[in-house]
Structure formats: structure tokens, C-alpha cells
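Observations on chain architecture
What follows is the residue order along each chain.
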Amino acid sequence: MSSSPDIAGILENTKELDRLRKEQEEVLVEINKMHKKLQATPEVVEKPGDTSLSKLKNLYIQAKELSESEVTVSNILLTQLDSLLPSGPTGQQRRKLVAEGNDQKRKRMKVESDVQRVSPSVRNQIEAYASLRGEQVAARVTADDAEKDEWFVVKVIHFDRDTKEVEVLDEEPGDDEEGGGQRTYKLSMSCILPFPKRNDPATTPEFLPGKPVLAVYPGTTALYKATVISTPRKRKSDEYLLEFDDDEEDGALPQRTVPFHKVVALPEGHRQ
């Protein structure tokens, strides 16, 4: 007697599931547009007032919320369908046992697959970070709410695909470190900036003169904000000519050379 209302509820939820998936597809299209824009003109994020990264973040937040809503509706549908299945060891009971046995696994797989379903580009990014093991990268080791950002050259030890954390080793922590030994950090992907490939300068985009960048200060393993004075291509070498902020000597900023593979884009909101 109660099957009609149950069927009606199932049909209503399947419509909601279709709507959520269509919205996800629309968001995916917008995310891919933003990816293409940033790949074609990465320097656009350096322009004052540019909101590309904020828009991309909002799109990912929207995609995550839609994905979570899809999980919720799917679980409701599973419950509704279970209530209509015949009882017995070959029907509802077997389905329930399977569902209970795989509930945690399904939830974990949903979380792990959210990014993969939303964007192949993000999946590629995860693979790229996983391939960084053993390589030197730039890492922000200070907290998000720190007064100043501190960036150092570190070596990647491990990338955790579950937590999306990168474990790195600071091989030269400095004299102020307790014990004077090497130190490891577990950092989010947003705290890691891969360096350009040393052996592939031709495929590395150049930062134009006047662009702010983050670069390794000569003779150290620390990175600071600097301004491009001249590019490797113009200098016919593999080095940038830079002026580092707060590097004043005798009332002027000295110009220093830094290899192209030790220069990266200045992160949005950098504090120095």
C-alpha cells in the first residue's frame, strides 16, 4: 500500500541527482576554461585587481558542495531502494550486508574521487606532486596566519595521496634550529612550488622585466620577493637579473643573478 509514495520519492530523488550532475558538468566547463586561461597566460594573476585565482577557488568550492550533495542524495536513494527490496538472504538482507561492509570504503572512495570526477587537470596535478619525490622545491614553512611568509629550498620525501600532504626535508635549517639537525615538514600542496626543470629551459615560460617573482637569494636556501630586471633569453644565459626587495646597499638595490631554475611565480597574497 505504501509503494506508490516510495516510488514517487525515488523518482523525485533521481531527478535531483540528474540536476546535481548537470550542475557539476557546468562547473567543470567553467573550471576547464579557467585552467586554459591560466595555462595560456599565467602572468595574468600578477596583475593588480585580477581575481582569476579567487574565481577558481570558488568554482572548486561549488564543485565540492555539489559532489557532497550528490553523495547525500545517492545514500537516500539506496535507503529507499532497500526498503522496497524483498526480504530474505538473497534479497534485502544480502544487499544490506554488502552495503554495511562497504559503507566506509564507499565514503572514502567518494572523498578520494571528488577531485578526479571534477577535473582531470586536478588529477594530473596530484600525479605531478607525487612525482616530485627526491626533487628540490620551494616550500612555505610558516603557518597561514603568520605575519610573514618564509620560503625555503627543501627536498620532497613523500606525497600522501589521501591527505594531499607533501612531506619535505629542510637540509639546511639554519643555526637557530634546536639541535642543529635537519628538519622535516608536512605541508599542504598549496605550500609547495615546484622549480622549473634545470635541463629543459626551452619549455620554461619567462617572467618579463618588471614582474615580481619569488627567487632563491644567492648563497642561501631562502626565497624572497624580487623584481625581474632582465631575462635569460635577453641575456643569452640561463640566469635572470633581479633586484630583491629589502636588499638595499648604499642607498640602492643591487642587481643579482639567479639561475632560471631557482625562480618561481610570486604566490598571491605573499607577505614579506
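Scroll up to find the structure.
Residues numbered from 1 in each chain as written. Predicted model: local features only at pLDDT ≥ 70, side-chain atom pairs only at ≥ 80, totals over all residues. Heavy atoms only, no water.

Some thoughts on the pairing of strand 1 (residues 136-140)
- Summarising burial for strand 1: 4 of the 5 residues are buried, a large majority.
- Inspection of the sheet shows strand 1 paired to strand 2 (residues 151-160) by 5 bridges, in the antiparallel sense. Within strand 2, the residue paired with V137 across the bridge is V154. (Buried < 20%, exposed > 50% of the residue type's maximum accessible area, 1.4 Å probe, protein only. Helix = DSSP H or I, 4+ residues; strand = E, 2+ residues; numbered from the N terminus. Pairing = 2+ DSSP bridges.)

Description of the nonpolar core
- Core analysis: the largest hydrophobic core is formed by 16 residues, its most contacted members being Y129, V166, V168, L187 and I192.
- If you list the elements that add at least two residues to this core, you get helix 4 (120-130), strand 1, strand 2, strand 3 (165-170) and strand 4 (183-188).
- Among the elements that line this core, the one with the most residues is strand 2, at 3 residues.
- In this structure L187 touches A139, R140, V141, K164, E165, V166, V168 and I192, once residues within four positions along its chain are discounted. (Core = buried A, V, L, I, M, F, W, Y, C linked by side-chain atoms within 4.5 Å. Contact = heavy atoms within 4.5 Å.)

Re the pattern of salt bridges
- Taken as a whole and assessed by the stated rule, the structure comprises 14 salt bridges.
- With a shortest N-O distance of 2.7 Å, D149 and R271 are connected by a salt bridge. Here R271 lies in the segment after strand 10 (263-265) and D149 lies in the loop between strand 1 and strand 2, a separation of 122 residues in the sequence.
- By relative accessible area, which is 11% here, D149 ends up buried.
- The exposure class assigned to R271 is partly exposed, which follows from its relative accessible area of 27%.
- For the salt bridge of D245 with K225, the shortest nitrogen-to-oxygen distance reads 4.0 Å. You can see D245 sitting in the loop between strand 8 (239-244) and strand 9 (255-259) and its partner K225 sitting in strand 7 (residues 222-230), a full 20 residues away along the chain.
- Given the relative accessible area of 28%, D245 is considered partly exposed.
- The exposure class of K225 is partly exposed, given its relative accessible area of 26%. (Salt bridge = Lys/Arg side-chain N within 4 Å of Asp/Glu carboxyl O.)

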